[in-house]
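Close look at the chain arrangement
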Amino acid sequence: MVWKGLALYTNSESPIVVVLSGSMEPAFYRGDLLFLAMPDEPVRVGDICVFKIPGRDVPIVHRVIKLHDERKTGTQYILTKGDNNQVDDRGLYNPGQQWIHQEDIVGKVKGFLPYVGMITIIMNDYPQLKYALIGFLGLYMLINRE
Amino acid sequence: MYNLLQRANAIFAFAMTVTFGVLGAIAIVTPFLPSFPSAQVNVKDIQVISYDYMSQGESEFAFVKINLDADLTSLFNWNTKQLFVSIVAEYETKSHDLNQVVLWDSIIQSKDEAHIKVSDLHNEYNFVDITTSF
């Protein structure tokens, strides 16, 4: 309920995400929590945007380094790059895709909390931990009198 | 009376409230901290050469040489984590009303590195338009 309210307020599908890779160091490290919002203002060079490549689930958080706004159609041609990467993101886009557009962007980074998202990463890397935690919680609920 | 779990829960909830209160206060104060950065960007030379580029074909590439003198030391306050500095070429063409291309960027992590003085800076990234000529 709170999650959906937050999604509505920030105008973004998933307003809180965990950083999974080190491609934006030293700004964001693996395990940081990012707060996103999708404001009405247009995308500009230098914005740290979260976008999804069409056909892929995983969102990517990188900075916009090139922008070309087509006058006739209003389409924005955007190129992104992670601060810690040597090359731009064309290697990550779909084969033959050279730009992304406004529709692919799901939010801009508005704030962050360091380290908090580490739990999600540890749970994903060691699923035994996830099962152990669920088992422990289940056992606790069964034993507890109240 | 109160068991251990209830006490732990109360402590945790209070800690969270205090933390977010402090974070909120920091967020409100930070934009008002004074800063007076200054920068001088002088373009010394531009050369345009055409190369074959992706699906666009033969396109004009601009190679620029820039003198940069930027004093960003005042931007470093107690709440500054890093400065992301970039030189952006912004221009308008017939078919595209806004074009922004980053020519060079740098990450500054401490006040000592904050006075940037470089002559003959070359653009780090390809300076090429989305159409075949500028």
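Below: a short report on this structure. In this text the structure is predicted, and so the values were computed from the model without any measurement. (Residues numbered from 1 in each chain as written. Chains lettered and ligands numbered in written order. Predicted model: local features only at pLDDT ≥ 70, side-chain atom pairs only at ≥ 80, totals over all residues. Heavy atoms only, no water.)

**Brief notes about the overall build of chain A**
What chain A contains, in helices and strands, is three helices and six strands. The C-alpha radius of gyration of chain A comes to 18 Å, more than 25% above the 15 Å expected for a compact globule of 146 residues. Along the three orthogonal principal directions, the C-alpha set of chain A runs to about 70 × 35 × 30 Å. Residues classed as buried in chain A amount to 42% of the 146 residues present. Considering only contacts within chain A whose residues lie at least 6 apart along the sequence, 52% involve residues at least 24 apart. (Helix = DSSP H or I, 4+ residues; strand = E, 2+ residues; numbered from the N terminus. Rg over C-alpha atoms; globule rule 2.2 N^0.38 Å. Buried < 20%, exposed > 50% of the residue type's maximum accessible area, 1.4 Å probe, protein only. Contact = heavy atoms within 4.5 Å.)

**Structural notes on the packing of aromatic side chains**
To describe a pair of aromatic rings, you give the distance between the ring centres and the angle between the ring planes. Here the structure, examined in full by the defined rule, presents seven aromatic pairs over all chains. On the basis of an interplanar angle of 85° and a centroid distance of 6.3 Å, the ring pair of tyrosine 51 of chain B and phenylalanine 63 of chain B is categorised as edge-to-face. Taken together, the positions of tyrosine 51 of chain B in strand 1 (residues 38-53) and phenylalanine 63 of chain B in strand 2 (residues 57-71) put the pair 12 residues apart, joining distant regions of the chain. By relative accessible area, tyrosine 51 of chain B is classed as partly exposed at 39%. Ring pairs connect the aromatic residues Tyr51, Tyr53, Phe61 and Phe63 of chain B, which therefore count as one cluster. The residue whose ring lies beneath arginine 63 of chain A is phenylalanine 84 of chain B, and the NZ or CZ to ring-centre distance is 3.5 Å. The lysine or arginine in question, arginine 90 of chain A, covers the ring of tryptophan 99 of chain A, its NZ or CZ lying 4.7 Å from the ring centre. (Phe/Tyr/Trp six-rings, centres within 6.5 Å; stacked < 30°, edge-to-face > 60°. Lys NZ or Arg CZ within 6 Å of the ring centre and 35° of its normal.)

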